[in-house]
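The lines below spell out each chain.
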Amino acid sequence: MPASGLGVVDAHDHVFLDSPALPGDEFTDLERSTAEVREGRASGIGTLVDMTPIGLGRRPELLRAVSQATGVPIIAATGYHRDAHYPAGHWVHDASVETLADRIVTDLATGMHPTDWTDDAAEFDPARAGAIKAGASYHHATDGERRRFEAAAIGSHQAGVPILVHAEIGTFGHEIVSILEGHGVAPDRIILAHLDRNPDVDLHAEIASRGVSLEYDTMGRTKYRPDSELLDLIEGVVAAGHLDRLMLGQDLGRRTSFRAYGGGPGMRYLMATFVPRLRARIGPAAVDAILVANPARAFAVEGGSA
Ligand SMILES: [Zn+2]
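Overview of the structure. Bear in mind that the values here come from a model prediction, so they are computed numbers and not experimental data.

Basis of the calculations
- Residues numbered from 1 in each chain as written.
- Predicted model: local features only at pLDDT ≥ 70, side-chain atom pairs only at ≥ 80, totals over all residues.
- Heavy atoms only, no water.
- Helix = DSSP H or I, 4+ residues; strand = E, 2+ residues; numbered from the N terminus.
- Rg over C-alpha atoms; globule rule 2.2 N^0.38 Å.
- Buried < 20%, exposed > 50% of the residue type's maximum accessible area, 1.4 Å probe, protein only.
- Contact = heavy atoms within 4.5 Å.
- Lys, Arg positive; Asp, Glu negative; His and termini not counted.
- Charge placed at Lys NZ, Arg CZ, Asp CG, Glu CD.
- Donors = N, O, S within 2.8 Å, 3.2 Å for Na, K, Ca; no water.
- 1 Å grid on protein atoms, 1.4 Å probe; cavity = no way out; pocket = protein on both sides within 12 Å on 5 of 7 lines; lining within 4 Å.
- Points joined across faces, edges and corners; volume = space filled by probe spheres on them.
- Pairing = 2+ DSSP bridges.
- Right-handed = clockwise from strand over helix to strand, strands pointing away.
- Salt bridge = Lys/Arg side-chain N within 4 Å of Asp/Glu carboxyl O.
- Nonpolar A, V, L, I, M, F, W, Y, C, P; charged D, E, K, R; others polar.
- Phe/Tyr/Trp six-rings, centres within 6.5 Å; stacked < 30°, edge-to-face > 60°.
- Lys NZ or Arg CZ within 6 Å of the ring centre and 35° of its normal.
- Expected span 1.5 Å × (residues − 1).
- Bend = angle between axes of the 7 residues up to and from the residue.

Let us now look at the overall build of the protein chain. Each helix and strand counted, the protein chain has 10 helices and eight strands in total. Over its C-alpha trace the protein chain gives a radius of gyration of 18 Å, about what one expects of a compact globule, namely 19 Å for 306 residues. Seen through its C-alpha atoms, the protein chain measures out along the principal axes to roughly 55 × 45 × 35 Å. A buried classification covers 56% of the 306 residues belonging to the protein chain. Considering only residue pairs separated by 6 or more positions, the protein chain has 73% of its internal contacts joining residues 24 or more positions apart. The average position of the 28 basic charges and that of the 42 acidic charges among the side chains of the protein chain differ by 4 Å.

Here it is, written out as structure tokens:
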């Protein structure tokens, strides 16, 4: 699908997720997740980027069902999260860079593995992934996380898709960019997620000036801070000249985040509640850049050899 047709992009969200790091907070119900995405679409979301990576309950066949039922295109992820999301004994911990990269490239070029290689007999899903996840720990990256960064770089190079990196509590941003650049990844293929957990305008302006994208996703996370602080942050980064580096996602990662599962704020929050306030702060043209033009550039497939 052409990147120009994505419309408003929720650049980091989750339709299904089941992680040992979030016990009791899994969401795996087709009907409820479909209802949630339908509500998101009614609020104005055009395309969802589902950043549930290998091993966290990624469900390609269910993602296709949700997309078909709601009419919302979903860009699915391959790649790996930080260590905390894999139980002891999971193959991800011991796999070589070559195996880690092969599985990413298979997901991107052939089709997503339906059970994330816990069952060798399964057939690949007809849908291919369109983005790569990577993750670092708080202020550091472990050896395993560094191997998975290298695998992500190989996948991005071969398939031409971006790498979206989980920066734990917004830390380790400069270092993540340097690690990926060290593996030959161009800055415009790097997206840092969650930097707004550490809403430091000066730091963000510095990182953005390296040419990478920043994806903010704490709107409605009132336990962290009020939305007014995220509005201040966006206004500050835009004033520093980095409007073209910003994107927004919701990163609803817990069962209790969704209205269809009996919680909140729900997938409609971005467009129904946050964006009207953002428009009042920075104007509709700047908001369109953040929601439409920037993600269309960031998630476009560029070159690649696979
Ligand atoms: Zn996430």
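The structure having been displayed, the exposition proceeds.
Next up on the list: the coordination of the zinc ion. Protein-derived ligands of the zinc ion are His12 (NE2), His14 (NE2) and Asp251 (OD), with the metal-ligand distances lying across 2.1 Å. With relative accessibility at 0%, the residue His12 sits in the buried group. According to the relative accessible area criterion, His14 is buried, its value standing at 4%.

Under the counting rule described, the total for this entry stands at one cavity of 30 Å³ or more. Lining the largest cavity are His14, Val15, Phe27, Ser33, Glu36, Val37, Phe258, Tyr261 and Met267.

Here we come to the pairing of strand 6 (residues 190–193). In the case of a regular strand, side chains alternate between the two sheet surfaces. The two faces of strand 6 match: Ile190 and Leu192 on one face and Ile191 and Ala193 on the other face are all buried. Looking at chain direction, strand 5 (residues 163–167) and strand 6 are connected through four bridges and run parallel. The partner of Ile163 across the bridge, within strand 6, is Ile190. A crossover connection joins strand 5 to the parallel strand 6 through helix 6 (residues 173–182); in handedness this β-α-β unit is right-handed.

Another aspect to go through is the environment of Ala21. With respect to the element layout, Ala21 can be found in the loop between strand 1 (9–13) and helix 1 (30–43). Relative accessible area serves as the criterion here: at 32%, Ala21 is assigned to the partly exposed category. C-alpha separation for the pair Ala21 and Asp83, spaced 62 residues apart in sequence, amounts to 9.7 Å. Not counting the four nearest positions on each side in its chain, Ala21 is found in contact with Ala84 and His85.

According to the stated counting rule, one finds 14 salt bridges in the structure shown. For Arg64, the salt bridge identified is with Asp125, shortest N-O distance 2.7 Å. Within this pair, whereas Arg64 is found in helix 2 (residues 60–70), its partner Asp125 is found in the loop between helix 4 (97–109) and strand 4 (131–136), the two being separated by 61 residues in sequence. For Arg281, the salt bridge identified is with Asp232, shortest N-O distance 2.9 Å. Placement of the pair is Arg281 in helix 9 (residues 269–282) and Asp232 in helix 8 (residues 227–239), with a sequence separation of 49 residues. A residue is classified by how much of its surface remains accessible, and Arg281, at 29% relative accessible area, is partly exposed. Salt bridges sharing common partners tie together Arg58, Asp107 and Asp116.

Turning next to the layout of surface pockets. Roughly 720 Å³ of volume is contained in the largest pocket. At the level of secondary structure, the elements contributing two or more residues to the lining of the largest pocket comprise helix 2, strand 3 (74–79) and helix 4. Here the lining of the largest pocket gets five residues from one element, more than from any other, and that element is helix 2. Roughly 630 Å³ of internal volume is contained in the second largest pocket. Residue lining of the second largest pocket: 30 residues in total, with Arg221, Tyr224, Asp251, Gly253 and Arg254 positioned closest to the centre. The residue makeup of the lining of the second largest pocket, split by class, is nine nonpolar, 12 polar and nine charged.

This paragraph deals with the packing of aromatic side chains. The relation between two aromatic rings is expressed through the spacing of the ring centres and the mutual angle of the planes. Taken as a whole and assessed by the stated rule, the structure comprises six aromatic pairs. Linked through ring pairs, Tyr80, Trp91, Trp117 and Phe124 together constitute an aromatic cluster. It is Arg103 that lies over the ring of Trp91; its NZ or CZ is 4.4 Å from the centre. Positioned above the aromatic ring of Tyr224, the side-chain terminus of Arg197 is 3.6 Å from the ring centre.

For the rest of this paragraph, the subject is helix 10 (residues 284–298). A rise of 1.5 Å per residue sets the reference length of helix 10, with its 15 residues, at 21 Å; its end C-alpha atoms lie 20 Å apart and thus fit the reference within 8%. Where helix 10 bends most, the angle comes to about 40 degrees, and this point is Ile290. Turning to helix 10, its buried residues number three or more, namely Ala286, Val287, Ala289, Ile290, Leu291, Asn294, Pro295, Ala296 and Ala298. Elements that come into contact with the buried residues of helix 10 comprise strand 1, strand 6, strand 7 (213–216), helix 8, strand 8 (246–248) and helix 9.

Now for helix 8. End to end, helix 8 covers 18 Å across 13 residues, agreeing with the expected 18 Å (1.5 Å per residue, within 8%). Buried positions along helix 8 lie against helix 7 (201–208), strand 7, strand 8, helix 9 and helix 10. Remark: Gly241 follows helix 8 within two positions and exhibits a positive phi of approximately 95 degrees.

Shape is all these values report; function is a separate question.
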